[in-house]
Amino acid sequence: MGSPIPNYANYADPDFAGSLQLIATSGDPITTPCKALDLAVSMAKQALLSDPTADHEHLPILGHAGLLDSAQRLVFGATAEEVKTIASIQTIAGTGANHLDSGIKRQTYPYFDKKSFTIDYNGIISTLQLKATEGDVVVLHGCGHNPTRHDFTKDQWKAIANDFATGDLAEDAWSVRHFFRNASLEILVAQSFPKNFGLYGERVGALHVVCRTEVTRLKVHNMLTRLSRAEITTPPINGARTMAKVLGDKDLKQQWQNDLFHMSDRMRSMRERLVNALQKRQTPGSWDHILMDIGMFSMTCLQPGRIRALKEEYLYIFFLWEEYPRQAVLTEHNVEYVAQAFHTVIVAAKPE
């Protein structure tokens, strides 16, 4: 089993004037991207509440058809003709999608070099060349790599796919679409929606299996149906219905895209503010890698003792899995305070 996720609320002390969390407590949408993504989702929910045809019946085992259709177009940018050989099923977020396509013996490859704060690209390639054999499944994170938040460049993606792919990349979702359109491989894509819709409690996701023939797609659909039926019977309907409404309505989808831009732009701004505040204090270490990170988290690459000091002695800052704070919880009101905490702990710490 992996490390258990602690009760975040245990790290908040309302009586401590300097208490600050870099990860949200359960049930606190103000410190998550939910608020930034609330407009389109709220409009969709309101429309569904007034829909007399909306009921509480089970979804089909494969999930909400409208959601799956929109999810395919979103990730693959594909036409109806192109998706004929894709087998898709609704899952319990991305974790459920990964779970459905798991059950195989696993090996690992290096990914992040903490000394240079960069992807260990040469290590990845050499490991795959030495250890990967025909029939192996290579698991890659398409964007916003968790936990490092460092992604492959387009040229690196092309090189990874060099043995079986050529051609231009789409600007959006380009890594997945590149493999989909230009590779002869059968690929599996685990898709997660809680973060990009702000619907954390709904746990909506999808698993797409790109087959190369319709016969194979039918076989895969049957297998996915049996697996899902044995574990969850049918997936939840509420979040799926909301997301299908947003993605299926032109105006709501545009509003959602505007909401996404607002959220990501804010996180970029907070990264810049944090780095500027650390550089202004001449805090020891290199911080430019934070500006290159993508998504809600950042790798600090701080040593364990300094993480403990931030958590327990100075700020009540809580780091998920010891390494990375949540950028979405930084605000213009607390970023200087956080930077000063980092600076004080780093300067005072003895080498480990």
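Note that the structure is predicted; figures quoted are calculated from it, not measured.

(A) Summary view of the packing of aromatic side chains. Overall, the coordinates contain six aromatic pairs when judged by the stated rule. Ring geometry for Tyr-111 and Phe-152: centres 5.6 Å apart, planes at 65 degrees, overall edge-to-face. Taken together, the residues span a long stretch of sequence, with Tyr-111 in the loop between helix H3 (93-100) and strand E2 (112-113) and Phe-152 in the loop between helix H4 (121-131) and helix H5 (154-160) at a distance of 41 residues. Phe-152 gets classed as buried once you look at its relative accessible area, which sits at 4%. Counting every residue linked through ring pairs, the aromatic cluster contains Tyr-111, Tyr-121 and Phe-152.

(B) Structural context of helix H9 (residues 238-248). For H9, a buried count of eight out of 11 residues is recorded, marking the element as mostly surrounded by other parts of the structure. Listed as buried for H9 are Gly-239, Ala-240, Arg-241, Thr-242, Met-243, Ala-244, Val-246 and Leu-247. Its buried side turned inward, H9 meets helix H1 (38-49), helix H2 (65-76), strand E1 (86-92), helix H7 (194-197), strand E5 (204-210) and helix H10 (250-280).

(C) Quick peek at the confidence of the model for the protein. On average, residues of the protein carry a pLDDT of 76, and 79% of them reach 70 or more. Contacts of residues 163-172 to residues separated by more than four positions or lying in other chains number 22 contacts, the stretch itself having pLDDT below 50. Low confidence marks residues 320-325, where pLDDT is under 50. Its contacts with residues over four positions away, or in another chain, come to 24 contacts.

(D) Spotlight on the pattern of salt bridges. Under the counting rule described, the total for this entry stands at six salt bridges. Note that Arg-73 and Asp-69 form a salt bridge whose closest N and O atoms lie 2.2 Å from each other. Taken together, the positions of Arg-73 and Asp-69, both in helix H2 and four residues apart, correspond to about one turn of that helix. Looking at Asp-69, the relative accessible area reads 36%, which means it is partly exposed. For Arg-268, the salt bridge identified is with Asp-265, shortest N-O distance 3.6 Å. Note that Arg-268 and Asp-265 are positioned in helix H10 at a spacing of three residues, about one turn of the helix.

(E) Local environment of the nonpolar core. Counting 25 residues, the largest nonpolar core has Phe-76 and Phe-152 as its most contacted members. Broken down by secondary-structure element, the contributors of at least two residues to this core are H2, H4, H5, helix H6 (174-182) and strand E4 (187-192). Here this core gets four residues from one element, more than from any other, and that element is H6. When neighbours within four sequence positions are excluded, Phe-76 is seen to be in contact with Ile-86, Val-176, Arg-177, Phe-180, Arg-181, Val-189, His-208 and Val-210. Membership of the second largest hydrophobic core comes to 19 residues, among which are Met-270, Leu-278, Leu-302 and Ile-307.

(F) Structural view of unusual backbone geometry. Of note in the backbone geometry, Ala-93 takes a positive phi value of approximately 60 degrees without being a glycine. In this structure Ala-93 comes out as buried when scored by relative accessible area, which is 0%. With phi around 55 degrees, Gln-282 is a residue other than glycine that occupies positive phi space. Tracing the chain through its elements places Gln-282 in the loop between H10 and helix H11 (288-292).

(G) Fine view of the pairing of E5. The buried count for E5 comes to seven of seven residues, which makes it a mostly enclosed element. Every second residue of E5 is oriented toward a common face, with Val-204, Ala-206, His-208 and Val-210 on one face and Gly-205, Leu-207 and Val-209 on the other, all of them buried. In terms of strand pairing, E1 meets E5 through seven bridges, oriented antiparallel. From the neighbouring strand, Ala-87 faces E5, where its bridge partner is Val-209. Sheet analysis places E4 next to E5, joined by six bridges and oriented antiparallel. Paired with Ser-192 across the two strands is Gly-205, which belongs to E5.

(H) Broad picture of H10. A rise of 1.5 Å per residue sets the reference length of H10, with its 31 residues, at 45 Å; its end C-alpha atoms lie 45 Å apart and thus fit the reference within 8%. All buried positions along H10 are accounted for by Leu-252, Trp-256, Asp-259, Met-263, Met-267, Met-270, Arg-271, Leu-274, Val-275, Ala-277 and Leu-278. The inward-facing, buried residues of H10 contact H1, H2, H7, H9, H11 and helix H13 (335-348). Two to three positions downstream of the cap, the backbone nitrogen of Asp-251 sits 3.0 Å from a side-chain oxygen, assigning the N-cap of H10 to Asp-249.

(I) Quick peek at the environment of Ser-126. Turning to its location among the elements, Ser-126 is positioned in helix H4. The sequence separation of Ser-126 and Pro-110 amounts to 16 residues, and the corresponding C-alpha distance is 9.7 Å. At 3.1 Å, the side chain of Ser-126 forms a polar contact with the backbone oxygen of Gly-123.

About the thresholds
Residues numbered from 1 in each chain as written. Predicted model: local features only at pLDDT ≥ 70, side-chain atom pairs only at ≥ 80, totals over all residues. Heavy atoms only, no water. Phe/Tyr/Trp six-rings, centres within 6.5 Å; stacked < 30°, edge-to-face > 60°. Helix = DSSP H or I, 4+ residues; strand = E, 2+ residues; numbered from the N terminus. Buried < 20%, exposed > 50% of the residue type's maximum accessible area, 1.4 Å probe, protein only. Contact = heavy atoms within 4.5 Å. pLDDT = per-residue confidence, 0-100. Salt bridge = Lys/Arg side-chain N within 4 Å of Asp/Glu carboxyl O. Core = buried A, V, L, I, M, F, W, Y, C linked by side-chain atoms within 4.5 Å. Pairing = 2+ DSSP bridges. Expected span 1.5 Å × (residues − 1). Polar contact = N/O pair within 3.5 Å; in protein donor to acceptor, adjacent residues only side chain to side chain.

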